[in-house]
Structure formats: C-alpha cells, structure tokens
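Examining the three-dimensional arrangement
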Amino acid sequence: MERGTIPIDSLSGGFDLQSTVESGQTYVWAREDDRMYEDAPAYGGDAWYYTVLPDDRTGGDPVVVRARQRDGVLEWAASIDAEPHLVELLRLDDDLDAIVAATPDDPLLEAAYDAYRGMRLVRDPPFASLISFICSAQMRVSRIHGMQVRLAREYGNAVEFDGRTYHAFPRPAQLAAATEAELRDLGLGYRAPYVQRTAEMVATGEARPEEAAGRPYEAAREYLTQFVGVGEKVADCVLLFSLGYLEAVPLDTWIRTAIAEHYPDCDQGSYAETSRAIRERFGGEYAGYAQTYVFLYLRTGGEA
DNA sequence: TATCCAAGGTAAGTT
DNA sequence: AACTTACCTTGGATA
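Everything in this summary refers to the structure shown in the same document.

Neighbouring residues of DNA strand B: 27 residues in total, closest Gly24, Arg140, Val141, Asp252 and Gln291. Here the atoms of DNA strand B within 4 Å of the protein split so that 55% fall in sugar or phosphate, with bases taking the remainder. Elements represented by at least two residues in the surface near DNA strand B include exactly helix 12 (232-241), helix 13 (253-262) and helix 15 (287-299). Class assignment for the residues of the surface near DNA strand B results in 14 nonpolar, nine polar and four charged.

Below, the structure written as structure tokens:
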C-alpha cells in the first residue's frame, strides 16, 4: 500500500473533490460510505472516494485508487504511485484561476463559479465515459451512477484492495458479450442494445472513442456519433469529460433551460448552431468548464 | 393509494 | 435538413 498527499494550495484555483466527482460529469468514482449524491455537493465534504484504473492505464491489472480531501490536502492510497493518475483523471494540472479569469463577465456564470469554486473537469477513461453517457439518456444522475456500478459488478474484473473486493469497469469485449436481456435486467431499459452494440463496435475495432481525439472539435463530435446510442449531446459529453475538448458544451435539458432564460439569442434551432452560439457566449476555449458549473449550479437548485 | 411526470436523448420514420 | 414519435424504468410530485 502506497500513500501520498497533494496540497490543495499547490493547485492554481484550488480543488473540490466532492463537487468534482459528484457533479454528474463522471460515473467512474464512488464513495466508500455509499452515500454518493445523498448530500448536496458542497465544499467541505471529506468522504473517501475510490475509482478503479482500467488495465489499459496500468499496463497490468486494474488498480483501486482511494482519495479524500481533508485539512487542505488531497490524500490518496493505492497499490501503486497514484499521484500521476490523479493529476490526469481530476485535471489537477488545469490552471483553474486562469480558466475562471478567462470566463466572460456574466451573472449566471459568476454565481455558478462562486457556488462550487474548486470544481474541476475530469479526464475519464474513454470507454467508460462513452458507455456511461449512453446510459445517461433521459435518466437521473444518481441512477446513471447505479447503472455503472451494476455493470462493473456484473461484467468487470474483480480487484482485491485493503480487504475488500472492487470491480473494474468492464472491458469492451466483456460488455459486448452481454445480451440485451441481461442489460435490461440491470435496469438499462432501452439503452441496453445501445450499450451492447457500441461495446461490440469497440471490441471488434470497428471504431474506438480514442480515435476521435486529435481531430478538430466538430469532426471529433461527428466521429463519435457513429456509435449506437450516441447523438450530438452524448458525443459532446465524451469530448468534454474524457477527451479533453474543453470547448465542448453539451446541450442538455439544464443548459437548454439556461439558454431559454438567459441567452435566448443563442437558440439557433439546430444543435450544431445553438452549440456554436452558446460556446461563443461562454468564452470559447473553456466553454465546457462554464457549462459544467452552470449544469451543477442549476441542477442543485441555484437560481436560474 | 393511484396516477402522472420527467429524467444530462437517440433512432427511425415523415415531411 | 427539420420535425415527430416511440422508447425502459422509477423516484418523487400531485390528486
């Protein structure tokens, strides 16, 4: 067992672990106390969280990484040196002060940033991100999370850590081998065939989410929509929360509400044009940061 | 207690 | 291309 700490004040713009992993952008983290989403994300939470690094990240078996934020440090424990993984997964290398400073002056954006200061975007493993956002269609955040937990328990490799059994997120071939009926039994509903077929596409090498990376933003979004169950919105989520396209602004119900109430001129009808307009309104390069703050702020009861 | 509704949308079919 | 409609499931709101 290795352990380490990362001082929060060494990170530009600070950090808030709870709002980062409970904001609805990532579904690869869980709380050891099993109370994910039960208390509203707010600065000050000090629960232990864990994630399981997929084997294609570790080069060997999946690795459990445990982390919590307390007394001004991010503590971690794992069987390997987890710090570089945490820096990447939780985007601790982002200059959050600069990102906030580059955000346009706007009452809604300021309120959202003030409410959850320290929240960072994430870099989720691409396959898990793809599957979890396929599952997100017309679904509540807490239930999306529950689906991912059940998928991991049912199809993912077991990993022992600190006297407990954890499960990695399934590999593409493991999910591809599932049947639609089995996935429906896990509560996926009409998303079940989408997940199976997309997993099959990745397993066979027909397409892989990583291959979207490196393309210009809109071309990358187009690439991802070839997966079954992936439209423009889900594609934007994968680009933003996994592949590092910080300009992506997923147009979900909350953002569409915000557009209607605050930026009606950005409603251009089609997804592509509206997306372009709100992306510009949110400052372009880091528009996805603004989107995620606004999403969390509105979803947790902030004044629209 | 029963019914209704909406949840981080997408695919397939029509105009 | 833009517009409709069906789709699983369920916790929480409403009657």
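There is more to say, and it comes next.
The element helix 6 (residues 126-135) is largely enclosed, with a buried count of 10 among its 10 residues. Residues of helix 6 that are buried make contact with helix 7 (141-155), helix 8 (172-176), helix 10 (192-204) and helix 12.

What follows is about the protein's contact with DNA strand C. In the vicinity of DNA strand C, the contacting residues are Arg140, Arg143, Arg184, Gly189, Tyr190 and Arg191. Among atoms of DNA strand C positioned within 4 Å of the protein, sugar and phosphate together represent 52%. Residue Tyr190 places a main-chain N or O atom 3.2 Å away from a sugar or linking oxygen belonging to DNA strand C. For the surface near DNA strand C, a count of residues per class yields one nonpolar, one polar and four charged.

We now examine the sheet that holds strand 4 (residues 63-70). Spatial ordering of the open sheet is given by 1-5-4-3-2, a layout of five strands whose pairing is antiparallel. Looking along the sheet, the strands with just one partner apiece sit at the ends: strand 1 (2-7) and strand 2 (29-31). Averaged over all pairs of adjacent strands, the angle between their axes in this sheet comes to 25°, without regard to strand direction. As judged from the six bridges shared by strand 1 and strand 5 (residues 73-78), these two strands associate in the antiparallel manner. Residue pairing in the sheet places Arg3 in a bridge with Ala77 of strand 5.

Conventions used here
- Residues numbered from 1 in each chain as written.
- Chains lettered and ligands numbered in written order.
- Predicted model: local features only at pLDDT ≥ 70, side-chain atom pairs only at ≥ 80, totals over all residues.
- Heavy atoms only, no water.
- Near = heavy atom within 4 Å.
- Helix = DSSP H or I, 4+ residues; strand = E, 2+ residues; numbered from the N terminus.
- Nonpolar A, V, L, I, M, F, W, Y, C, P; charged D, E, K, R; others polar.
- Buried < 20%, exposed > 50% of the residue type's maximum accessible area, 1.4 Å probe, protein only.
- Contact = heavy atoms within 4.5 Å.
- Polar contact = N/O pair within 3.5 Å; in protein donor to acceptor, adjacent residues only side chain to side chain.
- Pairing = 2+ DSSP bridges.
- Axes fitted to C-alpha atoms, helices over the stretch in contact; angles between N-to-C directions.

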